[in-house]
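Given next are the chains, with one letter for each unit.
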Amino acid sequence: MPEATRLNLTLDVDFASRTIIGSSEITVLPTDPSLKSIHLDLRQAKVTGAFVSGKAALWDYEDFWSTTSSPPFKESARTIHQYDQFEDKLAPVIHENLSGELVVHFPRGVKVQPQDPFTTALSFGNSPSLSRHESPEIAATPSLARTDLYNAFVPITVRVEFRLTEPTMGLTFIEKNSEHRYEHAYTFSNPYGISTSSWLPCVDGLWERCSWEFEITVPKTIGDIKRAQADGIEHDKDEEDSERDIVVVCIGDLQQEATHLFDHSKKTVTFVLTSPVAAQHVGFAIGPFVQTNLSELKESDEDDGNHSSSSVEVYAYALPGRQDEVVNTCMFMHKAMEFFVREYSSYPFGSFSLCFVEDALDDMEPCSGLAIVSDRYLFPGDIIDQIYPVTKYLTTLLASQWSSVNIVPKNWNSLWVTIGICRYISGVFLRRLMGNNEYRFRLKKDAERICDLDIGRQPIGHPDLEFPIDKSTLDFIGLKAPLILHILDRRLTKSGGSFGLTRVIPKIFWQAMSGDLTNGCLSTSHFQRLCEKVSHAKLDSFFQEWVLGSGYPIFRITQRFNKKKMFIEMGIRQVQNVEMPKTGELREESFVKDAKKYLHGESLESTVRPIFTGPMTIRIHEADGTPYEHVVNIKDSFTKLDIQYNTKYKRLKRHLRNRDKPSANVVVASAATSGEPIDDGELDGVLLHSLGDVLSTDNDMEEWRLTEWTKEEEDQMTNEAFEWLRVDSDFEWICMIYINQPDYMYASQLQQDRDVVAQYECIRYFADAKPSPIYSTILVRTLMDRRYYYGIRTEAALTLAKYAIADLDWIGRYHLLKAFQVMFCFPDSLIPQANDFSDFSTYFLQKAIPLALSEVKDGTGQTPLPIKEFLLDLLRYNENSNNTFSDCYYLGVLMTAISNAMSKPPEQTPQFNFDFTFDVNGKGANGVNDKSAEAKFVEKAMVEIERCQRIDQWMPSYQNVVSTVAISIKGKLSQLGTINPSVRDLLHYTHAGLFDTLRLTAFSAILSIPDLYTAPESKTTLRYVFKTILTDHSYHVRLWLIKLLGRSLGKISMHKYGGSGKLGGGVGTFLIVEESGTEIAESRKDEYRRSNVEGCIDIVKEQFSEVDILKTGFWELLTSPALGVLEKRILLDICGIIYDVRPTRIVKLRFPNRTEIVAKNLGRGKIKFYRADKPRPLPRLAPIIDLPRSSGAGTDMESMTVTLPLPQNRIKLNIKIK
């Protein structure tokens, strides 16, 4: 297989016709003297010429993707039940290794010739690339021998000329459809491996690397684009924009920009990238972008301290009018660049550019030195909620330049390494930027999420990938891989003198830049060897358990203090083999993938490892308050420990009996002011160094209805040998830990331990424990203490909702209301004050408390009416006119809280209305207004939500967040049967021109209606959905609409709705109905069916397999050239769930008729002649005609010959297969 060393690309971009005319010149090094042809990847383009070493050549081009959308295939007598034939046709494109659609044959006179080693220098000094046909093990051989082999033959140049019109994959044109949009075009690299070859003849993939040169010809200005359009008419209001220059943002360094030689309305821009990169990481964007130099945002003191990184420029490009948002969104990027260069390695490319474009996917694959990003990530300075997620995303894009672009995985099983390193170092920067508490708190939340998701999944070292790979399917690897590196770093650091990954990662980057890392490919084995070399320890067990294995350990820990031996006896038992389920919970987003695996006979269960091994740190805070750490090596399923006790003093008093005494903070502050020493008696009974010591006076205790520990409980605390203990205090495990220590030890840990993870563990304990008034007191004090990290305070608020029960006199509800009243309302009133979000910590609390209140339920499962009215008042009296920051996300939280409180439907379940009307009058069947209090509240709440929605239409919020939340609420409540909004109300928000998130939310609400797929009057709505998928200008909307179709199948099959066109309340219905034993048994049987994949598949087939509108719609989507490979692969997965393959086809035969000419006398000399057909009786043919099924992608169904046994009367038949 020859190796490409350089690719020169010439492109002429025509916006008027959405066409690209170009040529690709590839320099290859032959490795076989008998080479006669070159295989290249290319689809959806028309090849107009091919040349080898300057001579015209013949070529063979079989575009597997285009043939499936050609008229012969589409118009043949196929139905959706023959989708398997379509899948066979598409198989070469949805395979791990592309076969190379374009074959260029060497012309006569062109041969592979040996090269003179004495006259030719090694002009290709870069490490050779890995061939797709070559195993990673062979590629691991020393590069010197292969370099000699490559230079044994003279390089050959292959030039392919092509034309690309209205592409649907890899490249997109954005047309101007409103005064706020500008025409531009850009490439995208999702899915992996086929995107670049969809607009460029090349050898696509991650392992075919070469240097690049781009020569792109574009119009000079926007006005030149308009003049080139056939119907382009410039308006006066566009005169200013018409003079805006068209900018090309591309990989590599800008070499020159010159006016076109023949057309002075165009210009040619040249870029050169000398570093070898794969075609996967090649891209450009063209449009009227405005450049912002982010490196100029650094302050003078920063500039003086970082001379080494000043040469790396960071740029941002955005469409006109977004410059302020660009600066606000990307102001930290130069700091991130300086951090990565200083801590890890020099930047592998010349500069880094961010280009914000419209209608792009949320998760775009970065290019070398360039990241094309959706403009949905831009936000103004008055938005708070986007700060962390956008900062994290953009930091990850920058970190991917080192790991994921410059360094690529050696194979797909090593994909976790590059993703993990990229996200790990971005997390380290975020810790430097936003603080250790933010970093550790979110790390703990990620570990909890892994414990929820890592059930029945494949190991990240052997991922379950579907080709072509959609980057969004790698989210779980992106979640787990950096956390594995975190715990690996902790273990390496403790292995003795090692600096952990701070030495490993820079060494990997240095090896990639020096050429020691062959082809820039990093494997799991190489990474493991490097970690072992740095730490001087074997890591086989670690990688077997966490990388090549799945699941996580569950520890049950018992402890007891032995006073006689002065030991703490502890037992650590791993119970994951017993307590962890074999299969994960069914989820809407993964239903299609799980169903596909089940239908293909793949197991949905994962093997749970009975034992995880490794060191574990146990920290015991003994009686004198000193923490003692003990490192234990876990080797077996049960580990018994005897930990030596060190303190001989009596346990300090941690709880106040006399609340009139001052706190320790007051005593220490007073002593510091007076200069007098502190008397030990002054601290007697005082809580030392304690958080949560607020609300401790008698007035506070009475006003807040607080509870203290009883005398017996305090005496019991005093007699304890230690304050509390923590297992895995250094966060070295991804696990679930249950410790049997008393509740007052958790209270001490929450108040005494400064580690945010330790505090969060205590909050989780109180959330799972049996509710008690003392727990509610501890939580509300945590909520009101400003010294706690805001994440802990919000978790405390959410946990308080579980203490709002009748057994505790609704103490949790009282504490939540009291806290909100004190912090955000007028004195002695529940009327909220005007918003002030200047304190971000308080802002997140102001959002958390209403959400917590919405989870308060009474004995009937409803939120109490006073809570509903309070939440409604918060929305009704919200005042933000004098606030510096926007309240759009706060309004969204208030509306969400109100919808959570309305989760139980009113007494009368309405029928979903497809007649495009909206009538909520609350009248009964007899026309009398018999609304209940709940129904009246629903009506008032919907009035307020629609008021906010209308205001958002007149004065749009940031990305229409308010309308998006309102539509989401209507969709959720309509599924529960609480309201019945009209379809027209939802369709109004699906039109092009609105924000993609708002449109997709409306489509999701529509597609989640069960009656949509069965009601005859809903066919128009379904046709509109299919038409949008085919014709919408946004690739992001088209792709996600198809995904929403699959998710809606999962949602409808997993949840039970009412029949006869009604939307019920789910599996646990809200109506109390007396059922017979048979009905109860049937209900349980149906509930069981909906809890497993097999039953859900059966439900989908029963409900949707015979719906004609779905059959025609799916077949039209599959055979349309407007959709790309990824969209069609998802559609094939959906069809495989709904429809059974039928290996037969219907043959229509037209029998001859006997024709007679009949004359009819009409009178007055008029005679009418007409043809009268008298059909003959049908002859009896053979009962069944079976057509052979296609055996592979190469079988041509149009050329089949059908032999029919004729009847005895010898009728001649003309048979035509349609």
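Quick note: structure is the one above.
Note that the structure is a prediction, hence the values are computed from the model and not measured. Along each chain, residues carry numbers from 1 onward, in the same order as the chain's sequence is written. In keeping with the predicted nature of the model, local features appear solely for residues at pLDDT of at least 70, side-chain atom pairs appear and are counted solely at 80 or more, and the whole-chain, interface and lining totals rest on all residues. Side-chain measures were taken over the full set of non-hydrogen atoms in the model, leaving aside hydrogen atoms and water.

Participant: Now, about the pattern of salt bridges: what can you tell me, with residues and values included?
Facilitator: Should a side-chain nitrogen of Lys or Arg be within 4 Å of a carboxyl oxygen of Asp or Glu, the pair is scored as a salt bridge. Summed over all chains, the structure comprises 59 salt bridges. Residue Lys471 pairs with Asp363 through a salt bridge whose shortest N-O separation is 3.7 Å. Of this pair, Lys471 sits in the loop between helix H13 (436–453) and helix H14 (475–493) while Asp363 sits in the loop between strand E18 (352–357) and strand E19 (370–374); the two residues are 108 residues apart in sequence, bridging distant segments of the chain. Under the relative-accessibility criterion, Lys471 is labelled buried at 14%. Between Lys597 and Asp464 there is a salt bridge whose closest N-O contact spans 3.4 Å. Highlighted residues: Lys597 in helix H19 (residues 591–599) and Asp464 in the loop between H13 and H14, separated in sequence by 133 residues. Categorising residues by exposure relies on relative accessible area from a 1.4 Å probe, with only protein chains included: less than 20% of the type maximum marks a residue as buried, more than 50% marks it as exposed, and the intermediate range marks it as partly exposed. Accessibility expressed as a relative area gives 10% for Lys597, which makes it buried. Salt bridges linked by common partners bring Arg440, Lys444, Arg726, Asp753, Asp755 and Glu761 together as one network. Per the convention used, a helix needs a DSSP run of H or I reaching at least four residues, while a strand needs a run of E reaching at least two, with both numbered from the N terminus.

Participant: A description of the pairing of strand E15 (residues 284–287) should follow, citing residues and the corresponding values.
Facilitator: Residues Phe284 and Ile286 point to one face of E15 and Ala285 and Gly287 to the other, with burial holding for every one of them. Whether two strands pair depends on DSSP finding at least two bridges between them. As paired strands, strand E10 (residues 184–187) and E15 are joined by two bridges and run antiparallel to one another. What sits directly across from Tyr186, in E15, is Ala285. Sheet analysis places strand E12 (residues 247–250) next to E15, joined by four bridges and oriented antiparallel.

Participant: So, the sheet that holds strand E26 (residues 638–644): which residues are in play, and what are the values?
Facilitator: The sheet built from four strands is open, its strands ordered E26-E23-E22-E28 with mixed pairing. Looking at strand neighbours, the two that pair on one side only are E26 and strand E28 (736–739), the edges of this open sheet. Here the strands of the sheet are splayed against their neighbours by 20° on average, with no regard to which way each runs. As judged from the eight bridges shared by strand E22 (residues 554–562) and strand E23 (residues 567–574), these two strands associate in the antiparallel manner. By the bridge assignment, Arg560 is partnered in E23 with Glu569. Lines fitted to C-alpha atoms define the axes, with helix axes restricted to the stretch in contact, and inter-axis angles between N-to-C directions lie between 0 and 180 degrees.

Participant: Which residues make up the pairing of E19, and what values go with them?
Facilitator: With five of five residues buried, E19 is to be regarded as a mostly interior element. Of the two faces of E19, the one holding Leu370, Ile372 and Ser374 and the one holding Ala371 and Val373 are both buried throughout. Here E18 pairs with E19 via five bridges, running parallel. Residue pairing for E19: Leu354 is matched across the bridge by Ala371.

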